[in-house]
Amino acid sequence: MLHIFLGTDEFSMEEAIGDLKSLIDSPELMDANIMRTKASDTSPGELYAISNTMPFMASRRLVIVEGLIEVLSKISNNKQEKGTGVSNPSDWSAFIEALEILPETTELVIVDVDDGKRRNNPWLQRLSKIGTVKRFDELLSRDLHKWITERAVRKDLKISRGGILLLSDMIGPNLRLLDNELEKLSLYANGEFLTEEQ
């Protein structure tokens, strides 16, 4: 299956990739069944081969390709851009067509940091007809407060509404840093209720 993860929230993207890793039913062989590569360092033919490799003693294989939409965005006017490392557009077009018959044993994840400017990219539109697009955009205040609350519950942290607002104001939408701070607070509180004064 093809997954396309776009946005600026890299922390949530990595968590979603972690969820896909759980589909690999042989944890001891996980490293052998996960491939991560940058599209800028890989040709369409290499990506095709990687995507069609059978899993090693497992039912699934996870392939993560970083920056493919960015690489495809550099292709313009159906001409090869000399000196940029970008392959011929027809090679990429053939690769995208081949994704329509991606093996059921492959979970292919395209990860691209995108602020929404590529929504009308014709390459992205072609890929979205084949796979599932999921956006990971920076959380705004209401959604950020909800995320902090839910994450605190997962960490068995009891925190006041004022504490949630304070964390949101001090740290902002950096979910990785928020998660680390919530982990520290959970250890500090040791099951006790925390307020913003503490």
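Look a little higher up for the structure.
Reading the values: rules and limits
Each chain has its residues counted from 1, running along the sequence as written. Per-residue local features of the predicted model are confined to residues with pLDDT of at least 70, and side-chain atom pairs are confined, for both listing and counting, to 80 or more; whole-chain, interface and lining totals are unaffected and use all residues. Side-chain measures here rest on the full set of heavy atoms in the structure, leaving out hydrogens and waters. Only C-alpha atoms enter the line fits that serve as axes; for helices the fit covers just the stretch in contact. Angles between N-to-C directions range over 0 to 180 degrees. Each helix is a run of DSSP H or I of at least 4 residues and each strand a run of E of at least 2, with the numbering of both proceeding from the N terminus. For classification purposes, an angle smaller than 35 degrees is called roughly parallel, one larger than 145 roughly antiparallel, one from 65 to 115 roughly perpendicular, and anything else oblique. Left-handed describes a crossing whose near helix is turned anticlockwise from the far helix by less than a right angle; the clockwise case is right-handed. The contact rule is simple, with two residues in contact once any of their heavy atoms fall within 4.5 Å. For this classification, Asp, Glu, Lys and Arg are treated as charged, while Ala, Val, Leu, Ile, Met, Phe, Trp, Tyr, Cys and Pro are nonpolar and the rest, including Gly, are polar. Any Phe, Tyr or Trp ring, taking Trp's six-membered ring, that has another such ring centre within 6.5 Å forms a pair; planes under 30 degrees apart are called stacked, those over 60 apart edge-to-face, and the others tilted. Each residue is assigned to one of three classes by its accessible area relative to the maximum for its type, calculated with a 1.4 Å probe on protein chains only: buried under 20%, partly exposed between the two thresholds, exposed over 50%. In this description, strands pair whenever DSSP reports at least two bridges between them. Seen with its strands pointing away from the viewer, a crossover is right-handed when the path leading from the first strand over the helix to the second is clockwise.

**Q** So what exactly am I meant to see when it comes to the packing of helix H6 (residues 141-154) against helix H7 (residues 161-171) here?
**A** The packing of two helices is summarised by the inter-axis angle and the distance between the axes. Running from N to C, H6 and H7 point in directions that differ by 120 degrees, and their axes come no closer than 10 Å. The angle between H6 and H7 places the two elements in the oblique class. The way H6 lies across H7 gives a crossing that is right-handed. On H7, the residues touching Leu144, His145, Ile148 and Thr149 of H6 are Arg161, Ile164, Leu165, Leu167 and Ser168. Broken down by class, the residue content of the contact of H6 with H7 amounts to five nonpolar, three polar and one charged.

**Q** Would you mind going over the packing of aromatic side chains with me for this structure?
**A** Where two aromatic rings form a pair, the distance of their centres and the angle of their planes describe that pair. Following the criterion strictly, the structure yields three aromatic pairs and no others. When the ring of Phe5 is compared with that of Phe136, the centres are 5.1 Å apart and the planes differ by 65 degrees; the resulting orientation is edge-to-face. Here Phe5, found in strand E1 (residues 2-7), pairs with Phe136, found in strand E5 (residues 132-136); they are 131 residues apart in sequence, far enough to count as distant. Just as Phe5 is buried, Phe136 falls in that class too. Consider the rings of Phe11 and Trp147, whose centres lie 6.2 Å apart with planes at 80 degrees: the pair is edge-to-face.

**Q** For this particular structure, what's the right way to read the environment of Ala32?
**A** Tracing the backbone through its elements, the reader meets Ala32 in the loop between helix H1 (10-21) and strand E2 (34-38). Overall, the relative accessible area of 43% leaves Ala32 in the partly exposed class. The spacing of Ala32 and Glu14 is 18 residues in sequence and 19 Å in space, taken between C-alpha atoms.

**Q** What am I meant to see in the side chain of Ser168 here?
**A** In this fold, Ser168 is placed in helix H7. Residues in contact with Ser168, not counting those within four places in the same chain, are Leu144, His145 and Ile148.

**Q** It is not clear to me how the pairing of strand E3 (residues 61-66) should be interpreted in this structure. Could you clarify?
**A** Both faces of the sheet carry side chains from a regular strand, because those side chains alternate between them. Taking burial as the measure, the six residues of E3 include five buried ones, the bulk of the element. With five bridges joining them, E2 and E3 adopt parallel strand pairing. Along E3, the bridge assignment pairs Ile34 with Leu62. After leaving E2, the chain enters helix H2 (residues 44-51) and then returns to the sheet as E3, a path that is right-handed. Alignment of E3 against strand E4 (residues 106-113), held across six bridges, turns out to be parallel. When the sheet's bridge partners are listed, Arg61 is paired in E4 with Thr106.

Geometric values such as these leave the question of function open.
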